[in-house]
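Take a look at the letters that make up each chain.
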Amino acid sequence: MEARMDFQESERPPRQAVVQQRLDSKPHMTDFIVKSTIFSRYAFTAVSCTMVNRAFRTKEAVFQMQFPASAFISNFTMIIGKKVHQSEVSGRAKTSKEKQKDDSGQNTDSEVEMFTVTANLPPRTKGLFLLTYEELLERRLGKYTHVISVRPKHIVPKLLVEVHLTEHSGITFLEVAPLRKSKQTNHTAAGPPPPSTKINRTRTLAHIKFAPTVRQQVGIAENGVLGDFILRYDVNRELGAGEIQVQNGYFVHYFAPKDLPPVPKNVVFVIDTSGSMAGNKIKQTKDALFTILKDLRPTDHFNIINFSERVKVWKHGNLVPVTRETLLDARKYIYLMSPSGGTNINDAIETGSKLLKDYIAQQDKTVRTVSLIIFLTDGRPTISEVQPQKILSNTRKAIEKQFCLFSLGIGRDVDYRLLERMSLENCGVMRRINEDLDAGTQLKGFFDEIGTPLLSDIRVDYSEDAVEYVTQNFFTNYFNGSELVIAGKLANDTADNLHIEVTARTSDKQLRLETDVPIDESRKSPSSAKGKSSNGDLIQRAWGFLTIKELLRSRLKSDNNGMKEVLSGKARNLSLEYNFLTPLTSLSVKGTDEQTSPNKEKEMRVPEVNNERVQSLRRINKPDTTSFRKKKKTVVVSKTSADGDPHFIADFPLSQLSVCFNIDGQAGDVLRLVSDHENSGVTVNGQLIGAPAPPSGHKKQRTYFSTITVIVSKPSRSYIEITPHKVIFDSRDRFILSCDRTIEVESDGLVVSVTAKSNITVTIKDCISFVILVHQYKNPAPYQRDHLGFYILNSKGLSLSVHGLLGQFLYSRVQITNATRSASWQNQALTWTAGREENTGLAVSLSIKDRLVPVVRKQRWIYNGQHRVDCWFAKSNAAHLIDGSYRDYLVSHLFDTTTSKANQL
């Protein structure tokens, strides 16, 4: 009876839903099914989605699936009518250098990634999309969490989520949380499970089923975006050598002891209080710190450092014990922290490290303690040392492997690649704090994960004659609620038993745990788990998963290019063996029609322009959110520019004249060209490169623009870095475009158009356009360098407050004084001599902003000599022409958006 009622409800959707379906000409989704098999924490998830095109013409079907960022896609298949499109994983081109470039938070949600496929569905045809992905669940705060995205974006007649869980050590805790509808929802929210959820469990098995009817789906979300289906559980564990699963020549070892006394900790909080932390970020950070202080134990010692342009220490020269008085004083210090200035990451880490090292050196070596730095920032380094490699080197030297560094980044402007390497190289981890969520709760949650150390110096050894390879088996610390996982491969001539020995230090003694696991008996494949793969296969795949993750981490930490290549090769080969889509592989889909010959195969491949972890398949002609198309625009001549040595030109159409000047900077200088960060959100910087001057020249050195960056902060953060050979476009996705190929990319209102070996056009919201000329030399002379020229094509979207070496002239008025003006200066009889000025005998000055600037007439050629500009030239690095001195336009790094001194003049 119950089944019949469900069937009737699913056959009778609400009237408004029927009307909407009739009006919607898109293909209809008839079912959305997700089935997960979890065996010993390893989750194998299969997604099936069917779409039907009921129209009489071809329609575009879009399949999207959100999945955990920690997972690897292992298969994708499309069946369109009778045509099967099977995916293949292949090795990607060598991009190891590009992969070490900055990842400036391109993922707005750090926990998930999106897989997207667009396919043409013929009329009256059904399309079936099958996706599988795999992950090893991580234990945090005493629980494993398995998240399944249920966002079909349609009300679906058949919707099913099914999870089969097997844990031979015994399930001690299991819950299904309420649907998490958005990333703003608290991840740990408690409450009843979603409607229609059924849970059946025994001591070692659990079966969870979520199958809402159409009426129930409409009650949750009329747009079909139900949210995240979240399963949390934990398993039985005892104080022993841990749980070991051995099967088919592979093993996975889970070690998470309980009932151990906490180890006292020494912690230094290093908190970013730069200007960008103002508002809700600093408020939530303070609230979290207030709560964290309450959780410190009487045996702990701590100190607080906050930094912006300067580094401030709460208690100089020492860490203080946790007492009522010190906690009260710390709260006052935190309360008075005020955001301002830049971001001096390097000096803050060095100060915190010295403070902690000095304290450790003074302590009794017989007393067991765990020392760590908790570092929080929301931006990139802008003060003192700003080069990531130098900061990494300085951090290693400062810490000297004496303690661990745990990093937290808030928001989208953080150099997450830098923070991740800083932590990985110093036995810590990095976490992203989503600024759209309650940052204070996330910070407090992270501290809860590492706030109770139970063991230090943990080493796990296996009998040498039985094991051929193991993943990381030494760990600096073990924290309560977490888990240490080691995977290994058994030797071919292995013994009957696998001997395991765990050594570690507790708060007061040396711990030694040993056990023997029978191998032959464990080779017999159990049959208690359900799913595509057998248990033995899942254990082997868990080994492959963990090994690839470890190789990728080692590759990220390595500074040796040769070693990076070796690690990349190993990770790539394993990815291919297990058919995993990783940063070193790509996924292609080949379509074979049973009625056609093999030579008529069609192939759809992931665009290679996305340098980071590619997880989407898109048709090149019509993507869903980001488009790629051949560039057809022609360059419109713009006089306002900076090109060549560099030579600057500012055009004043209302005054019917142009002004030109030179800037004689130094190699490595970064010049602010356009500054409108506070209003339109646009900033343009250019970095100079040096070259010897020609033998016949009067200069000792020439300078050119080697890199141009365009930073856009509204409506979302985007970065465009342009060199003479490539364009790096960081927006919703990350793209690497070659300057040798003609292509156009559009994403989030930004269009980057590349004309091969000629120019790049950057268009922002259709009202701001810049053209960057590419100057390349086949056989350059000693004084020639590949360089760039910068031209402002359209400035309508820039505000009246725009500044910078070029931006300050966009809305200015000028006029010529002290000269006969009976006829316009353009019509006067002038003699132009190439390469030098011609004095007309007139004492001419330019009036701008109540300043008089001596000028002479000159001629400039732009756009590679294709256009001539007659201009009034201001000498001496544009003294009195520009606001302030040219040195006021020097900025600390290419992605600096802070207000320069010149803007304030």
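These lines cover the structure that appears in this document, whether it is placed above or below. This one's a predicted model, so the numbers in the text were calculated from it and none came from an experiment. (Residues numbered from 1 in each chain as written. Predicted model: local features only at pLDDT ≥ 70, side-chain atom pairs only at ≥ 80, totals over all residues. Heavy atoms only, no water.)

Overview of helix α8 (residues 388–399)
One turn of the α-helix equals 3.6 residues, which is why residues spaced by three or four share an orientation. In this model α8 runs 16 Å from its N-terminal to its C-terminal C-alpha over 12 residues, within 8% of the 16 Å that 1.5 Å per residue would give. Restricting attention to buried positions, one finds in α8 the residues Ile-391, Leu-392, Ser-393, Asn-394, Thr-395, Ala-398 and Ile-399. Buried residues in α8 make contact with α7 (345–362), β22 (404–410) and α9 (416–424). Downstream of α8 by one or two residues, Glu-400 has phi in the positive range, about 50°. (Helix = DSSP H or I, 4+ residues; strand = E, 2+ residues; numbered from the N terminus. Expected span 1.5 Å × (residues − 1). Buried < 20%, exposed > 50% of the residue type's maximum accessible area, 1.4 Å probe, protein only. Contact = heavy atoms within 4.5 Å.)

Quick look at the sheet that holds strand β26 (residues 474–479)
As summarised here, the arrangement of the four strands in space is β26-β24-β28-β29, forming an open sheet in which the pairing is antiparallel. Only two strands of the sheet have a single partner each, and these edge strands are β26 and β29 (510–518). Along the sheet, successive strands turn relative to each other by an average axial angle of 25°, direction set aside. Here five bridges tie strand β24 (residues 453–462) to strand β28 (residues 497–505), and the two strands are oriented antiparallel to one another. (Pairing = 2+ DSSP bridges. Axes fitted to C-alpha atoms, helices over the stretch in contact; angles between N-to-C directions.)

A few points about helix α10 (residues 439–450)
The end-to-end C-alpha distance of α10 is 17 Å, a good match for the 16 Å that 12 residues give at a rise of 1.5 Å each. Those residues of α10 that fall on the buried side of the exposure criterion are Ala-439, Gly-440, Leu-443, Lys-444, Gly-445, Phe-446, Phe-447, Glu-449 and Ile-450.

Remarks on the side chain of His-775
Residue placement: His-775 occurs in strand β45 (residues 768–775). Of the residues examined, His-775 reaches a relative accessible area of 11% and is grouped as buried. Engagement of the side chain of His-775 in a polar contact is seen with the side chain of Asn-864, the distance being 2.8 Å. Non-local contacts of His-775, meaning those with residues more than four positions away in its chain, are made with Asp-643, Arg-785, Asp-786, His-787, Leu-788, Gly-789 and Asn-864. (Polar contact = N/O pair within 3.5 Å; in protein donor to acceptor, adjacent residues only side chain to side chain.)

What to know about the environment of Ile-486
With respect to the helices and strands, Ile-486 occurs in strand β27 (residues 484–490). For Ile-486, a relative accessible area of 0% corresponds to the buried category. Sequence-wise, Ile-486 and Phe-474 are 12 residues apart; in three dimensions their C-alpha atoms are separated by 9.6 Å. Not counting the four nearest positions on each side in its chain, Ile-486 is found in contact with Phe-251, Val-252, His-253, Val-460, Tyr-462, Val-470, Thr-471, Gln-472, Asn-473 and Phe-475.

Re the pairing of strand β43 (residues 750–755)
For β43, the buried fraction is high: five of the six residues fall into the buried class. Across five bridges, strand β42 (residues 743–747) lies against β43 in antiparallel orientation. Each bridged residue has a counterpart across the sheet, and for Val-745 the counterpart in β43 is Val-752. The turn linking β42 back onto β43 is made up of two residues, and Asp-748 within it adopts a positive phi angle of 55°. With six bridges connecting them, β43 and strand β44 (residues 759–764) associate as antiparallel partners. Along β44, the bridge assignment pairs Ser-753 with Thr-761.

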